[in-house]
Amino acid sequence: MRIRTASTTLAALLILGGSTAAHASEQPKLEGPAPVLTNEQRPGLMPLNGPRPSTTKTISTDAPTSSTGTCADVQKNPQRFMKPGEETTWCFTWDSPSETAKDRRSITGTPGMVWCDVVQGKMVEQATRESICGHHAFTGKVLDKTGLPLGEISGTVAQEIFTKNSETGFDENFFLRITETTGEAKAGISANIAAECVGACQQGPGPWKGDAALKKGTVLEGTWHRSWTGTTGRAGFKIGYALVFKSSKKDSKPAAIGWTWAKGADAVRCDNEITKYAGCAIPSFTPTLEFNRDKYPSASDYMSKQSVFLPGKPGNEYYGGKPLHREADDKKAGDNRNVVCDKTFNKIDNFSGKFEIQCDEYPFARTKESGGQLGIKSGSDCAYQGELIPGGTQAGGTIPNFPYSVKSAKASSAPAGTAACARSGMSKNDNEGIGGDLARFFTKNRVLDNDPFWVY
């Protein structure tokens, strides 16, 4: 498989190489009928949709490739990689997880650490919605015609890109650290780094100029600054790198390793489609909307349950559901709401007018998964019909400090359908409060039309 470098300029420095993909740990799946959990089974009222999600997520990346292939390939037939008159060749290998972990432990506390240094894993990057971070260890070998190693150089490459919600420029901190050189690899080794940001992207100077001399303990560091050159719409940027090593020996040829962020997908995306300011984000990270259970307890509990119990578990990452996707078209969102909360909704008031009761739907009207986009003709087709009741009493026990809660409405007043949507009576405070949080969540995370997100 050819590594997807950012441009033909970088790709020309490299040849084919292997790839390693990291797999996210599998989450347990909820099977069978929906369980009813008591408060004793839900310590601290932990939501049914699982533990709080991590603030960072792991994404898989291309295995960086060498201009001479992997060491396993080169050592089998080193002369295949040599031109007439050459006596040596290079090969590079990106270390296994255990070697990488050992390397990380040995450099703890040294200059140039990045925020994902403490994360163990193989060929992976860590991402938030505002930053992406990678740390990889490598070993390069000088081989003779028989494949015998004549020397080695080892080190780490560490990178971190930071974006801002309201700025179209973004920085990358870049570090190259040499941890060991032996044999002929000590003979005047130098390196330069090239990178390209593909798309409507302007890139400044690299972290260092020209060829830098390398020896054990060398740390090369600096910052790339990049910016979006557009002003309207959205643009994603693919960023690729080539690190070229050179030896002062006459019979030695340059050798390169190259890689891209996020398996050659967009590392950064900038836009002016949300808020009055253009800004950038990391599109490989899928953000999570956390319900405010203190301010909106009933709506939070109701939506958490529906993300687990509705067919397909919409929005629930922990139990293996699929993410929701933003619907940015105001008219479509209004149409979604009008279908689900149509005249068949029975606004049952169990509070003698104390609360204004509204129709609350899940998934949200502002998602592509709304019942209104499932092809239903009425909200009565939704699988769950809820009713707001006083006192916080629910099946399995009483939830303390809840002025009201949701229970399934009587079939005679609101028969349940089969579509993967839900609607319920809800106080105006909870319904509009969650809606406001959703809008602010979209803005903060630059969640654009059709962007995925989870709920918790």
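Quantities reported herein were computed from a predicted structural model and do not represent experimental measurements.

A. Region of interest: the packing of aromatic side chains. Applying the stated criterion across every chain, the model contains 18 aromatic pairs. Taking the centre distance of 6.5 Å and the plane angle of 20° together, the rings of W90 and F245 count as stacked. In this pair, W90 is assigned in strand β3 (residues 89-94) and F245 in strand β12 (residues 234-246), connecting sequence segments 155 residues apart. Plain terms: the ring middles of Y318 and Y319 are 5.0 Å apart, the flat faces sit at 80° to each other, and that makes the pair edge-to-face. Aromatic rings pair up to connect F174, W208, W224, Y241 and W259 into one cluster.

B. Quick look at unusual backbone geometry. Note that the residue after Y362, namely P363, is joined by a cis bond; omega there is -5°. Following the sequence through the fold, P363 ends up in the loop between β18 (357-362) and β19 (382-390). Phi is positive for T275, which is not a glycine, with a value near 70°. Mapped onto the secondary structure, T275 falls in the loop between β14 (268-271) and β15 (279-281). With relative accessibility at 32%, the residue T275 sits in the partly exposed group. Phi at R446 is positive, roughly 45°, even though this residue is not glycine. Relative to the elements of secondary structure, R446 occurs in the loop between α6 (428-444) and β24 (452-455). Of the residues examined, R446 reaches a relative accessible area of 1% and is grouped as buried.

C. Structural context of the nonpolar core. Counting 45 residues, the largest nonpolar core has L176, Y241, L243 and F245 as its most contacted members. Broken down by element, this core gets its largest block of residues, 6 residues, from β12. Filtering out sequence-adjacent residues up to four positions away, L243 remains in contact with V157, L176, A191, N192, I193, W208, A255, A256, I257 and W259. One finds A299, M303, V406 and I434 within the second-largest nonpolar core, a separate group that totals 27 residues.

About the criteria used
The residue count restarts for each chain, going from 1 along the sequence in the order it is written. Local features are withheld for residues below a pLDDT of 70 in this predicted model, meaning they are given only at 70 or higher, and side-chain atom pairs are given and counted only at 80 or more; totals for whole chains, interfaces and linings count all residues. The basis for every side-chain value is the complete set of heavy atoms in the structure, and neither hydrogens nor water enter the calculation. Note on ring pairs: Phe, Tyr and Trp rings are taken, using the six-membered ring of Trp, and paired if centres are within 6.5 Å. Classes follow the plane angle, with under 30 degrees stacked, over 60 edge-to-face and the rest tilted. Each helix is a run of DSSP H or I of at least 4 residues and each strand a run of E of at least 2, with the numbering of both proceeding from the N terminus. The rule is simple: take the accessible area with a 1.4 Å probe, protein chains only, and divide by the maximum for that residue type; under 20% is buried, over 50% is exposed, in between is partly exposed. Residues grouped as a nonpolar core are buried Ala, Val, Leu, Ile, Met, Phe, Trp, Tyr and Cys residues, joined through side-chain atoms within 4.5 Å. Contacts between residues were defined by any pair of non-hydrogen atoms, one from each residue, lying within 4.5 Å.

Remember, this is a structural readout, not a statement about activity or role.
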